[in-house]
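Listed below are the residues making up each chain.
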Amino acid sequence: MGTLESNGHAQGESTGTGRRTLLGAAMLGAGGAVLGLPGTAGADARQAGHDAKHGGGGLKGLPVPTIIGHRGASGYRPEHTLGSYQLALDLGVDIVEAGDLVPTKDGHIVCRHEPEIGGTTDVADHPEFASRKVTKVLDGVSLTGWFTEDFTLAELKTLRAIERIPANRPHNTLYNGRWEIPTFEEVLRWQDEQTRKRGKQVWIYPETKHPTYFRALGLGLEERVAKLLKKHGKDRKNSPVIIQSFEPTSIQRLNRLVGNPLVVLLSAANTSPWDFVTSGDPRTVADLIKPAGLREIASYAQGIGPTLDLVIPKDSNGALTSPTALVADAHAAGLILHPYTMRNENPFLPTNFRKGTDADAYGDAFGAYRTYFATGIDGVFTDNPDTGVLARADFVND
């Protein structure tokens, strides 16, 4: 998740209570039939009953606030690798953000934070790909590097992942080169495998990245993602896959293609989704977070993923101020809120929760979590799942 910087479909429901009830229903039933596991319908029904009894039957059965592993456990491993996803589960997350989804030249879907891979792989160390380094304009921003759409899947599989922000996470560089770039289909298989091994439904939360950009290249994401979800029986309202995007029209397109729960991501209030920019829609995120904008989102999606600054703004010194009305307004529209992103390191925390000045030192992350949880958010994305799990325990037991 993130910008360059950084649906079950109950459309007739108008009340917050009804909408949230439907979201719970949309998240239910991740039994054997959904995953394509062997067994009879009766066995599936018994499993569903067991799941509901033991809190494994969907988001309604998970702890609240929900802890979502941002790109896995990216505070400890290079992001969007099976190693990062695996560790996130080991550290207790409720959902793994397994997949910022971007296409390859030959139409496969792989998991990278951005299509530009110079900062997240060892591609610069491969002389055979030196000529692939180019400058492109991506969502209005000029970038120089190597891009997934210029590589076949076979070529990308010769690369290995590296730590994206080594200045803040020098210890993560220990794992540079250990893992390859996973495909989304590999993630779907991994999800099934982990569900079987753990005896507990594993949820994932992929994102379509820059869909307008890729559609212009003839590499439309939504249809490819929908095809894979359908192939693996995970395209229904009770499937354990929530799909998110910063482009509302991508979510609207997915709403027509699949039944999965859907979430619209929201960046800074003064920014506009890129699909709005290209279509001439004058609205900004500030318009989308007004009650009317939230009601519109609720007609095709079940939640929003706002930046934390939309929940509690910062002052000119970077310290938290007072919460906005966003949580109450979103809940009134029947939407859940999963803001992003909590990180332990000083530079990523509000200034009033930092300790010292070292770029890789931890600040008072627990204090920051407590403050955000108190607003009533339904969950949060975190690079440090263990910190999030402990912070939630502190909060609910206070």
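For the structure, check the block above.
Report follows, based on the coordinates. (Residues numbered from 1 in each chain as written. Predicted model: local features only at pLDDT ≥ 70, side-chain atom pairs only at ≥ 80, totals over all residues. Heavy atoms only, no water.)

### Examining the nonpolar core
Consideration 1: In terms of nonpolar packing, the biggest core is built from 79 residues, with F184 and I304 touching the most fellow members.
Consideration 2: Contacts of I304, omitting those with residues within four sequence positions, involve V263, V264, L266, L294, I297, L326, A330, L335, I336, L337 and H338.
Consideration 3: Listed in part, the eleven residues of the second largest apolar core include I68, W203, Y205 and F381. (Core = buried A, V, L, I, M, F, W, Y, C linked by side-chain atoms within 4.5 Å. Buried < 20%, exposed > 50% of the residue type's maximum accessible area, 1.4 Å probe, protein only. Contact = heavy atoms within 4.5 Å.)

### Let's talk about the packing of aromatic side chains
Consideration 1: Scanning the model with the defined rule gives eight aromatic pairs in all.
Consideration 2: Geometrically, the ring pair formed by F129 and F151 is edge-to-face, given 5.1 Å between the ring centres and 75° between the ring planes. With F129 in the loop between β4 (109–111) and β5 (134–138) and F151 in the loop between β6 (141–145) and α5 (153–156), this pair connects stretches of sequence that are 22 residues apart. Like F151, F129 is buried.
Consideration 3: Considering the side-chain rings of Y369 and F373, the 5.7 Å spacing of their centres and the 45° angle between planes classify their relative orientation as tilted. Of this pair, Y369 and F373 are both found in helix α15 (residues 365–373), four residues apart, which corresponds to roughly one turn of the helix. Comparing Y369 with F373 shows no difference in burial state: the two are buried.
Consideration 4: Aromatic rings pair up to connect Y369, F373 and F395 into one cluster.
Consideration 5: Stacked on the ring of F151, the Lys or Arg R132 has its end atom at 5.0 Å from the ring centre.
Consideration 6: Here R343 stacks its cationic end above the ring of F348, 5.0 Å away from the centre of that ring. (Phe/Tyr/Trp six-rings, centres within 6.5 Å; stacked < 30°, edge-to-face > 60°. Helix = DSSP H or I, 4+ residues; strand = E, 2+ residues; numbered from the N terminus. Lys NZ or Arg CZ within 6 Å of the ring centre and 35° of its normal.)

### Things to note about the packing of helix α8 (residues 221–231) against helix α9 (residues 248–257)
Consideration 1: For the pair α8 and α9, the least separation of the axes is 10 Å and the interaxial angle reads 35°. Our pair here, α8 against α9, has a crossing hand that is right-handed. Here E222, E223, A226 and K230 of α8 lie close against α9, whose contacting residues are S250, R253, L254 and L257.
Consideration 2: Classifying every residue of the contact of α8 with α9 gives three nonpolar, one polar and four charged. (Axes fitted to C-alpha atoms, helices over the stretch in contact; angles between N-to-C directions. Left-handed = near helix turned anticlockwise from the far one by under 90°. Nonpolar A, V, L, I, M, F, W, Y, C, P; charged D, E, K, R; others polar.)

### Overview of α9
Consideration 1: For α9, the full list of buried residues reads P248, S250, I251, L254 and N255. In a view along the axis of α9, the buried residues occupy a sector of 155°, so they form one face of it. (Arc of directions from axis to C-beta.)

### Describing the side chain of E345
Consideration 1: Relative to the helices and strands, E345 resides in the loop between β12 (336–337) and α15.
Consideration 2: Excluding residues within four positions of it along the chain, E345 makes contact with N168, R169, A359, D360, A361 and Y362.

### Focus: the sheet that holds strand β13 (residues 379–382)
Strand pairing within a sheet occurs via backbone hydrogen bonds; the two strands may be parallel or antiparallel.
Consideration 1: In space, the four strands of this open sheet follow the order β7-β2-β1-β13, with parallel pairing throughout. Here the strands that pair on one side only, and so sit at the sheet edges, are β7 (203–204) and β13.
Consideration 2: Here strand β1 (residues 66–69) pairs with strand β2 (residues 95–96) via two bridges, running parallel. Note on β2: the bridge partner recorded for I68 is I95.
Consideration 3: Strands β1 and β13 of the sheet are contacted by helix α16 (residues 385–397), whose axis makes an angle of about 175° with β1. (Pairing = 2+ DSSP bridges.)

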